[in-house]
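Each chain, letter by letter, is given below.
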Amino acid sequence: NETRDEHNVSSDDDPSSSRNASASEHNRNETRDEHDVSSDDDPSSSFYLRQHNLTKCDSDCEESSRSAQELIAYWDVDKCGPKGEDYNVQWCGGHNETPVCQEEVEVNDTLCVSRAARLVLLNVSKPVWWGREMVWIDDCKYMFFARYECVPTTTTTTGTGTSTTSTTTSRTATTSTTTTTVETEAMFKHRLETRFPEPADFTCAQACGKCTSDFVRPKPGQWATELNGVQLPDVCFEARGIHKVFIIGDWGGIIRKSGGVSPADHRRPNKFVAHTRPYVAGVDDCAQQRVAAQMQQRASWAHPDYILNVGDNFYWGGVNDKCGQPAWKVVPSLQFQHVFEDIYHGPGIDGKQWLGVLGNHDYGGYKFNAAWDQAISYTWGQSGRWLTPAQYWRVKVHYPGFSVDYYFADTNVFDAEPPAADPGHNLCNNAHNLWNTSCGAEGPTSLADCPAWFQRLWAAQSKWLEDALSASTADWQIIVTHFPPKWGLEYWKDLVERHGIDLIVSGHAHNQELHHFEEGNWLRPTAWIVSGGGGGITSEGIPDPAGHDDQYGFFELTLSAKEIEIQGISHGGVTVFQSFLVQRFPAKKQK
């Protein structure tokens, strides 16, 4: 029990487990009939069958046994695996040092009549940074070894005067009507609770006293910058079960004069040479709506608790007004109504709060004086769904048995260069801003002040984030920001290691990305997400009409005490990313 691999999820009832193998050997020695001279290891022997409570294997049984030999996936280091060299490695994401094995895979109906197999056992070698240690099975060395079993299929066979129902996992030779049982939310909930059981006696009153079930808006200040660093009251979700969160960014398209909302076109050769690509009708002209439809469809059964919004809310240049309005003043905007409220609605989405940050296009794109402060002020709008009370802020969320600290950060300093720098990627450039351009008391007060204003914002935020992370007592720490961590990489590398940040959620790049265990992730084992394919602007690459791509979409987190499942869902409803995140502890705790 002490040395059992934490990744070995085999049951104590599994005859292949070491514990039961020992017990079986003990029983064999004590109960074997002295007149039974058949081999102990011969599966056809009467002794073997009697000890394992089995009967002679018929043709169906033999076929099921053959299927079991095929339903494995492994990365074979010594080239001695049961099926030869590496086998079905694509089920676990290929040759990843720490695999991301799919919970369910599609297989040929000669293996499983349901055409689906689910993961039942996974042995994983320890990664390099833990001290490399391989998986040994039958004197063969593996990076990983996974075993699957057929998803049960309910088979109803109807004959003259009789009707019987049975459950099978292999192909049968009978004439029947077959229905595949798809894993329901209840089935997933049962599996999650079995792996990470939640305390039955959990109450919000006990966990956090005066916390609420909704995110409470603070009172607005005079200016949008006054609440920077604010910590909202703790929030608590008391219900046990599945806890999901959606993530989206770069989502707000342009209201056309002819009516409707469509993405900003970032692939025009006359303006964006580096991003020129073919136009895909039926996708590029309605990308935001396609992603929103998939969000709503999934929300109808997934029931996310809230939505993380990583910014670039409205293209091209944020809310169509000028900065400098008091924070408490909500200026009526067609964009909030037609691009936000009218598009994101339906069962599972209605009433769910959007927790967000500002992107560079919310400040104006290549200007700094758009009504970015209104993207904060709408927090106090009538809808009640929008929650961006400051440029940077934080909140703690409690669940049965665990908690999450969210830190919402402004990283637009990486797009605030001196006025003479690149006019296409610089909020403070002198080609599109006048020298006397100003946001008044909240700042920037002038074009000359613009780069320094963002630097002061970054410095104050960095101190705030350092203090907040140092004081965190939550199980999970998640950063929500606009620019991916490859901007300011050395800063983030230091921060995630010292404080054990588990996940960074971002946008800005107009596609979907998940970085976790691959060698190119400089922050591993911290994961980071780019969810910039919300459809407000055309994607970087060519989308597939059916959604088999990573260009437009959103992400979903499934939270639990010991593991966060990350899934990327495309504009066609296809799961294109999946990984499982475990907690990263601060460096001082690791030592």
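Starting afresh in each chain, residues are numbered from 1 along the sequence in its written order. For a predicted model such as this one, the threshold for reporting local features is a pLDDT of at least 70, and the threshold for listing and counting side-chain atom pairs is 80 or more; totals across whole chains, interfaces and linings nevertheless cover every residue. Neither water nor hydrogens contribute to the side-chain values; these are computed over all heavy atoms in the structure.

> Help me out: how do you make sense of the overall build of the protein in this one?
Only DSSP runs of H or I with at least four residues qualify as helices, and only runs of E with at least two residues qualify as strands; both kinds are numbered from the N terminus onward. Looking only at helices and strands, one finds 12 helices and 25 strands in the protein. Every residue pair with non-hydrogen atoms within 4.5 Å of one another is taken to be in contact. Taking contacts inside the protein between residues at least 6 apart in sequence as the whole, the part at least 24 apart equals 67%. Accessible surface for the protein amounts to roughly 27,200 Å². Of this, 51% is attributable to carbon and sulfur atoms. Each accessible area is a Shrake-Rupley result for a 1.4 Å probe, and residues are judged covered by the shown protein chains and nothing else.

> Looking at this structure, how should I read helix H7 (residues 334–341)?
Counting along an α-helix, one turn takes 3.6 residues, and residues three or four places apart therefore face a common direction. Only protein chains enter the accessibility calculation, which uses a 1.4 Å probe. A residue is then buried if its area is under 20% of the maximum for its type, exposed if over 50%, and partly exposed in between. Residues Gln335, Phe336, Val339, Phe340 and Glu341 constitute the buried set of H7. Looking straight down H7, one finds that the buried residues subtend no more than 160° of arc, so they occupy a single side. On its buried side, H7 packs onto strand E12 (254–255), strand E13 (261–262), helix H6 (287–302), strand E15 (354–356), helix H9 (372–377) and strand E16 (386–387). For this analysis, a polar contact is any N or O atom pair within 3.5 Å, provided that within protein one partner can donate a hydrogen and the other can accept it, and provided that sequence-adjacent residues contribute only side-chain to side-chain pairs. Where H7 begins, the side chain of Ser333 points an oxygen toward the backbone nitrogen of Gln335, at a separation of 3.1 Å. Here the arc refers to the set of directions running from the helix axis out to each C-beta atom.

> Mind showing me how you'd approach the state of the cysteines here?
Here is the idea: a disulfide is a covalent bond, and it sits between the sulfur atoms of two cysteines. By convention in this document, the label disulfide applies to cysteine sulfur atom pairs within 2.5 Å. Here the structure, examined in full by the defined rule, presents 7 disulfides. One disulfide bridge connects Cys112 with Cys150, the sulfur atoms lying 1.9 Å from each other. Since a negative S-S torsion denotes a left-handed disulfide, the Cys112-Cys150 link at about -75° is left-handed. With a gap of 38 residues between them, Cys112 in the loop between strand E2 (104–106) and strand E3 (116–124) and Cys150 in strand E5 (residues 140–150) connect regions that are remote in the sequence. On the basis of relative accessible area, Cys112 is assigned to the buried category, the value being 0%. The disulfide bridge from Cys204 ends at Cys236, spanning 2.0 Å between sulfur atoms. When the S-S torsion is -85°, as for the bridge of Cys204 with Cys236, the disulfide is left-handed. Of the two residues, Cys204 sits in helix H5 (residues 204–208) while Cys236 sits in strand E10 (residues 235–236), which places them 32 residues apart along the sequence. The pair Cys204 / Cys236 is uniform in exposure class, with both members buried.

> Got a minute to help me understand the packing of aromatic side chains in this structure?
Aromatic ring pairs are reported here in terms of the distance separating the ring centres and the angle at which the planes meet. The aromatic pairing rule takes the rings of Phe, Tyr and Trp, using the six-membered ring of Trp, and pairs them if the centres are within 6.5 Å, calling planes under 30 degrees apart stacked, those over 60 edge-to-face and the rest tilted. In total, this model carries 39 aromatic pairs according to the counting rule given. Relative to Tyr306, the ring of Phe237 lies with its centre 5.9 Å away and its plane at 35°, an arrangement referred to as tilted. With Phe237 in the loop between E10 and strand E11 (243–248) and Tyr306 in strand E14 (residues 306–309), the pair connects residues that are 69 residues apart, well separated along the chain. The pair formed by Phe237 and Tyr306 is uniform in burial state, with each residue classed as buried.

> Explanation requested: the confidence of the model for the protein in the structure shown.
Reading predicted coordinates in detail is not appropriate for stretches of low pLDDT. Put simply, the protein has an average pLDDT of 83, and 79% of its residues get 70 or more. One number per residue, pLDDT, summarises how confident the predictor is, and it ranges from 0 to 100. Within the model, pLDDT remains below 50 along residues 154–184, and this stretch shows 53 contacts once partners closer than five positions in the same chain are excluded.

> Would you mind going over the pattern of salt bridges with me for this structure?
Side chains that differ in charge, positive against negative, can pair when their charged atoms come close. Note on definitions: salt bridges are taken to be side-chain nitrogens of Lys or Arg within 4 Å of carboxyl oxygens of Asp or Glu. Under the counting rule described, the total for this entry stands at 13 salt bridges. Residues Arg118 and Glu149 are paired through a salt bridge, measuring 3.3 Å at the closest nitrogen-oxygen approach. Taken together, the positions of Arg118 in strand E3 and Glu149 in strand E5 put the pair 31 residues apart, joining distant regions of the chain. The exposure class of Arg118 is partly exposed, given its relative accessible area of 29%. Where Asp494 meets Arg498, a salt bridge forms, and the shortest distance between an N and an O atom there is 3.0 Å. Pair noted here: Asp494 and Arg498 are both in helix H11 (residues 489–499), with a separation of 4 residues, about one helical turn.

> Which parts of the structure should I look at to understand the nonpolar core?
Soluble, globular proteins show a tendency: their nonpolar side chains are buried together. We define a nonpolar core as any set of buried Ala, Val, Leu, Ile, Met, Phe, Trp, Tyr and Cys residues linked to one another through side-chain atoms lying within 4.5 Å. Residues Tyr306, Tyr406, Phe454, Leu559 and Ile566 are the most contacted members of the largest nonpolar core, which totals 75 residues. Among the elements that make up this core, the one with the highest residue count is helix H10 (residues 450–470) (9 residues). Core analysis: the next-biggest nonpolar cluster, separate from the first, contains 28 residues, Ile248, Val280, Ala292 and Ile569 among them.

> I keep staring at the sheet that holds E16 and nothing clicks. Help me out?
Pairing between the strands of a sheet comes from backbone hydrogen bonds, and it takes one of two forms, parallel or antiparallel. Note on pairing: two strands pair once DSSP finds at least 2 bridges between them. Strands sit in the order E16-E15-E14-E11-E23-E24-E25 across an open sheet of 7 strands; the sheet is mixed. The open sheet has two edge strands, E16 and strand E25 (575–581), and neither has a second partner. Sheet topology places strand E24 (residues 564–570) next to E25; 6 bridges connect them, and they run antiparallel. From the neighbouring strand, Ile569 faces E25, where its bridge partner is Thr575. Packed on one face of the sheet, H6 meets E11, E14, strand E23 (553–559) and E24 and runs near 175° to E11. What counts as an axis is a line fitted to C-alpha atoms, over the stretch in contact for a helix, and the angles between N-to-C directions run from 0 to 180 degrees.

> Explain the environment of Gln325 to me, please; I cannot follow it from the model alone.
Tracing the backbone through its elements, the reader meets Gln325 in the loop between E14 and H7. A relative accessible area of 22% means that Gln325 is categorised as partly exposed. Expressed as a C-alpha distance, the spacing of Gln325 and Trp223, which sit 102 residues apart in the sequence, is 7.5 Å. Excluding its chain neighbours within four sequence positions, the residues that come into contact with Gln325 are Trp223, Val331, Asp373, Gln374 and Glu442.

> Teacher, can you tell me more about unusual backbone geometry here?
In most cases, non-glycine residues show a negative phi, while peptide bonds are predominantly trans. With an omega dihedral of -10°, the bond running from Tyr315 to Trp316 counts as a cis peptide bond. On the secondary structure map, Trp316 appears in the loop between E14 and H7. In this structure, the amide linkage connecting Arg524 to the following residue, Pro525, adopts the cis form with an omega of 10°. Tracing the sequence through the fold places Pro525 in the loop between strand E21 (512–515) and strand E22 (527–531). For His303, which is not glycine, the phi torsion reads 50° and is therefore positive. Looking at the element boundaries, His303 is found in the loop between H6 and E14. Classification of His303 as partly exposed rests on a relative accessible area of 42%. A positive phi angle, near 55°, is found at Asp312, a position not held by glycine. Along the polypeptide, Asp312 turns up in the loop between E14 and H7.

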